[in-house]
Amino acid sequence: MSDTAVRAARSAPGAARARRRAAVIGWAFLAPLLVLNALVVLGPSIATVYYSFTDWSGLGPATFIGLANYTKAFGDPQVHEALLHNGIWFVLFLSVPMALGLLGAHVLSQVRRFQVVFRALYFIPYVVASVVNAAVWKMLLSPTSGIGHALGFDHSWLGDPATSLLSVNFVVNWHWWGFLAVIFFAAMQGVDPQLYDAAKVDGASTWQQFKAVTLPGIRPTAVFLVLMTVIWTLKAFDYIFIMTGGGPAGSSEVVSTLMYKQAFNEYEAGYAAALGLSMTVVTAVILAVYQYLRKKGWED
Amino acid sequence: MTASLSRRRFLTGAGVTALGLAVPGLLAGCGDDGGAGAGAGDGTGKVDFWIDIQGDANQKYFTDSVVGAFEKANPKIDLNATFYKGEDLRRLVQTALQARSGPDVVRGPSATQTLAWSKAHVLADLTPYAEKYQWSDKLSAWAIKAFSTDGKLYALPMRVDTMLLYFNKTLFESKGWTQPTNRSELEAFAAESAGQGITPFGSSNVDWKAAGEWLMTVFWNHYSGPDALYDALTGKIKFTDPVFVDAVALVKSYFDKGWLAGGVDKYFAVPSQEIGANFGKGTVATIPQGGWFMSQVGQYFGEKAKNDNAWDWMPIPALRPEVKYPLFEMGIGGSLAINEASKNKDAAAAYLNWYYGDKAAALKRMADVPSTYNIPVDFTDAEIPQSIDPRSARVLTSLNKAVETGDYGYVTWTWWPPKTDVFVYEGLEQVLTNKITPAEYCKQLDEKFTAEKAEGTIPQLLERGPAR
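Residues numbered from 1 in each chain as written. Chains lettered and ligands numbered in written order. Predicted model: local features only at pLDDT ≥ 70, side-chain atom pairs only at ≥ 80, totals over all residues.

With that out of the way, let us pick up the overall build of chain B. When helices and strands are counted, chain B shows 20 helices and 14 strands. On the principal axes, the C-alpha backbone points of chain B span a range of 70 × 50 × 45 Å. Here chain B holds 468 residues, and 53% of them are scored as buried. For chain B, the proportion of contacts with a sequence separation of at least 24, taken over those separated by at least 6, is 77%. (Helix = DSSP H or I, 4+ residues; strand = E, 2+ residues; numbered from the N terminus. Buried ≥ 20, exposed ≤ 12 C-beta atoms within 10 Å, placed from the backbone. Contact = placed C-beta atoms within 7 Å.)

Structure follows, in structure tokens:
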């Protein structure tokens, strides 16, 4: 037996002990969070599954009704309309702020003076509370005293069913794109400058540099933000609730606002739980696809 | 305690929390046992009360003239009031009640929704306290009846509601307009007003989605009439009757002409503060609103609002010759109850008894603050304090007269069952945006009403004829 093998054999029990100790310490640090999550996530999640199979007003006892809430949701025109709105919201929320964010980050990266000022300006809408943003924009979009009215254009952006969803989405995009720009800008700082130099030597135009160097360089950030955007699309609630309440006549209703109405206005908390759980399943599927693609090396 | 009961309670509390996580804005709590039987004793200790009173001045008045006065009269009870916004309060109270926690004194929603809470057994039975304190002698019988079911009293009526037509008095005088009393006069005024670029009837559902039911309350009462409403609410006729469908069509036609709110698009988009400001300036001539608006309308007139205009109110004109004028729809805006899980029910009941029991103090509060404290107690016109604003006094005397003569109608938020009540304003949005016709709206309304009536979630109706 060589010296190395002897040393390894002697230290094996010690190494195992150290590994166990490290694991215990790790779990000890994790324990408070796990307990908290078990209390506020796991317990309520199990209860939500249970209530989604019941006829429950949100008060008092619940009656088990099997899959009735789910079959009702499949045939409910309100749910179909809300899902369609979620889809429209997703397309707009994914494309417009992303495009503006990338453009803004690229422009920022070209600026040499007052860069910090511009970054702060981009960021301001994001740090202002959604309630404040929504209330201000509600006034700005008023057909009788808002920006449009001042410019001689009295369209009722929030009051017209054809534009209500788009108008709220515009406000959300406005508050969101600056945040994306700053994140993309930070990611762009990590791209090797030599790659740009090499591209220039090869005669690449600015657009070609952006396409061939910048975008691949920030892909992990972009993929993560796409994922978050998908999740936030399904969670869209605050701006819609404050600015239109899902109206007029459901024209800006999304699933989350519909759930709220069902739970608190219509006393259909069991049905709302079924809707919530369905959306959770959709989110879980998206997360699973993301993880799968990550493992396949999509981010690299 | 059995294992199954324990599990159910756990699931109940956890379920409410789950909804809070799934739906942003929802709050929840975990259940605890709580609960102390109603003993109709005298009560001491701390009483928690969550109330939706807004504005520094209003909160100060409540703190001084209600909380302070009560504690002075009951030094062994500490009334702990917490102020919330109206919509927030309902959500918070509802989740707290389900979790067997929350305030001792429950500020509930309308009669119809408080009934839903009662049926879920989260409100204490007030019958022993009603007997002990003889509340039936202190409160108007019709209002007590609205909050009684299966022979039990589950809440006390908080505020008498009616609908009024507020008008810019200065504008009316300058234009030489007289107060319309019937449909032809009303429409003549509306046409002339709109022709001059003045919105005849200001209205908006931007800040309160349920505002649509105020309009339906007005048109169903003053077009369809209270007799037809009584028949529909008691199941003698259907809401599909043309007399109701035509009322909905009339509302829509007023919107389409731009008389109401300046049109549908503005109704959905112009905030109520802006409408109020335009009302004060005179670019909106009238606002059909509830009696509660009397405590807010003053801010749009006078020095603070930078105009020299004055406001007043008139009864809603009769929209059909068969309907009486003046007619006041009656209802209850909110309720006060006791939490079934309260550990201090006796002290909570002592507060309610103090609040409702002293008629002179109640009338003084009505005189001090317009509409907010208009509890349904029986009083003569002579008992109203002289210090009251004459416009507020006129509401009280008019309602007194309506109750005595039977010339009253029904507000949707008191006498319609809860889901039907929600459809009244949600469905109206669909009519206004041409998604459904007035006939389809009434058909769907009738279906919901029939189902809920069968479930028994409808308050005991104020019957036709003199109610006193």
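Turning next to the overall build of chain A. Along its length, chain A carries 13 helices and two strands. Considering chain A as a whole, with its 300 residues, one finds that 35% of them fall into the buried category. For chain A, long-range pairs separated by at least 24 residues make up 68% of all intrachain contacts whose partners lie at least 6 apart in sequence.

Residues and elements named next belong to chain B. Within strand S8 (residues 163-168), six of the six residues are buried, leaving the element largely enclosed by the surrounding structure. Of the two faces of S8, both are covered, the one formed by Met163, Leu165 and Phe167 as well as the one formed by Leu164, Tyr166 and Asn168. Looking at chain direction, S8 and strand S10 (residues 284-290) are connected through five bridges and run antiparallel. Bridge pairing in S10 places Met163 opposite Gly290. Bridging between S8 and strand S11 (residues 311-314) involves four bridges; their strand directions are antiparallel. Bridging across to S11, Leu165 finds its partner in Met314. (Pairing = 2+ DSSP bridges.)

Before going further, it helps to spend a moment on the domain arrangement of chain A. Segmentation of chain A into domains returns domain 1 (3-51) and domain 2 (69-295). Measuring from the centre of the C-alpha atoms in domain 1 of chain A to the corresponding centre in domain 2 of chain A gives 37 Å. (Domains from an automatic or database assignment.)

The next point concerns the interface of chain A and chain B. At the junction of the two partners, chain A supplies 45 residues and chain B supplies 37 residues. Those elements giving two or more residues to the side of chain A that touches chain B turn out to be helix H1 (3-51), helix H5 (130-140), helix H11 (238-243), helix H12 (255-265) and helix H13 (269-295) of chain A. Grouping the constituent residues of the side of chain A that touches chain B by class yields 24 nonpolar, 16 polar and five charged. (Nonpolar A, V, L, I, M, F, W, Y, C, P; charged D, E, K, R; others polar.)

As a further point, take the nonpolar core. Soluble globular proteins: nonpolar side chains tend toward being buried together. Ranked by internal contacts, the top residues of the largest apolar core, which has 193 residues, are Leu275 of chain A together with Leu123, Phe219, Ile338 and Tyr351 of chain B. Of all the elements, helix H7 (residues 164-188) of chain A adds the most residues to this core, at twelve residues. Other than its neighbours up to four places away in sequence, Leu123 of chain B contacts Val106, Trp117, Ser118, Tyr154, Ala155, Ala337, Ile338 and Glu340 of chain B. (Core = buried A, V, L, I, M, F, W, Y, C linked by C-beta atoms within 7 Å.)

Another point: the domain arrangement of chain B. Residues and elements named next belong to chain B. Looking at the assigned domains, one finds that chain B contains domain 1 (12-23 + 35-160 + 331-391) and domain 2 (161-330 + 408-455). For domain 1 and domain 2, the distance between their C-alpha centroids amounts to 28 Å. Domain 1 puts 17 residues into the contact, and the matching count from domain 2 is 19 residues. With four residues, the top contributor of residues to the side of domain 1 that touches domain 2 is helix H4 (residues 111-119). When its residues are assigned to classes, the side of domain 1 that touches domain 2 shows seven nonpolar, eight polar and two charged.

Once that is clear, we can look at the sheet that holds strand S7 (residues 160-161) of chain B. Residue and element names in this part refer to chain B. Strand order in the open sheet formed by three strands is S7-S12-S14, with mixed pairing between adjacent strands. In this open sheet, the two strands that pair with only one neighbour each are S7 and strand S14 (408-410). Sheet analysis places strand S12 (residues 328-332) next to S14, joined by three bridges and oriented parallel. Within the sheet, the bridge partner assigned to Phe328 lies in S14 and is Tyr408.

Two quantities define a packed helix pair, namely the angle between the axes and the distance from one axis to the other. Residue and element names in this part refer to chain A. For the pair helix H10 (residues 219-235) and H13, interaxial distance at closest approach is 10 Å and the crossing angle is 175°. When the axes of H10 and H13 are compared, the pair comes out roughly antiparallel. Residues Leu227, Val230, Ile231 and Leu234 of H10 form the contact with H13, whose participating residues are Met279, Val282, Thr283, Ile286 and Tyr290. For the contact of H10 with H13, the class distribution of residues is eight nonpolar, one polar and no charged. (Axes fitted to C-alpha atoms, helices over the stretch in contact; angles between N-to-C directions. Parallel < 35°, antiparallel > 145°, perpendicular 65-115°, else oblique.)

Here we come to the environment of Val111 of chain A. Residue and element names in this part refer to chain A. With respect to the helices, strands and loops of the structure, Val111 is situated in the loop between helix H3 (77-110) and helix H4 (115-127). Overall, the presence of 12 C-beta atoms within 10 Å leaves Val111 in the exposed class. For the pair Val111 and Val131, spaced 20 residues apart in sequence, the C-alpha separation works out to 33 Å.

Moving on, we get to the sheet that holds S8 of chain B. Residue and element names in this part refer to chain B. As summarised here, the arrangement of the four strands in space is S9-S10-S8-S11, forming an open sheet in which the pairing is mixed. Strand pairing shows two members of the sheet lacking a second neighbour, strand S9 (199-201) and S11, which therefore form its edges. Averaged over all pairs of adjacent strands, the angle between strand axes in this sheet comes to 25°, irrespective of strand direction.

Before going further, it helps to examine unusual backbone geometry. Cis peptide bonds are those with omega within 30 degrees of zero, and the linkage from Gly247 of chain A to Pro248 of chain A qualifies with -5°. Note on placement: Pro248 of chain A falls in the loop between H11 and H12. With an omega dihedral of -5°, the bond running from Tyr325 of chain B to Pro326 of chain B counts as a cis peptide bond. On the secondary structure map, Pro326 of chain B appears in the loop between S11 and S12. One non-glycine residue, Lys306 of chain B, adopts positive backbone phi at about 60°. Residue placement: Lys306 of chain B occurs in the loop between S10 and S11. Its 9 C-beta neighbours within 10 Å are what place Lys306 of chain B among the exposed residues. Although it is not a glycine, Ser371 of chain B adopts a positive phi angle of roughly 70°.

Residues and elements named next belong to chain B. Within the span of helix H14 (residues 272-281), buried status applies to Glu274, Ile275, Gly276, Asn278, Phe279 and Gly280. In the core, the buried residues of H14 are packed alongside S8 and S10. Remark: Gly282 follows H14 within two positions and exhibits a positive phi of approximately 100°.

The next thing to look at is the environment of Asp308 of chain B. Residue and element names in this part refer to chain B. Within the secondary structure layout, Asp308 lies in the loop between S10 and S11. Judged by the 9 C-beta atoms lying within 10 Å of it, Asp308 falls in the exposed class. Each C-alpha atom of the pair Asp308 and Ala337 lies 43 Å from the other, and the pair is 29 residues apart in sequence.

For the rest of this paragraph, the subject is the environment of Leu158 of chain A. Here Leu158 of chain A lies in the loop between helix H6 (147-150) and H7. Leu158 of chain A sits in the buried class, given 29 other C-beta atoms within 10 Å. For the pair Leu158 of chain A and Leu287 of chain A, spaced 129 residues apart in sequence, the C-alpha to C-alpha distance is 33 Å. Apart from residues lying up to four places away in sequence, Leu158 of chain A is in contact with Lys138, Leu141, Ser164, Ser167, Met243 and Thr244 of chain A together with Phe268 and Ala269 of chain B.

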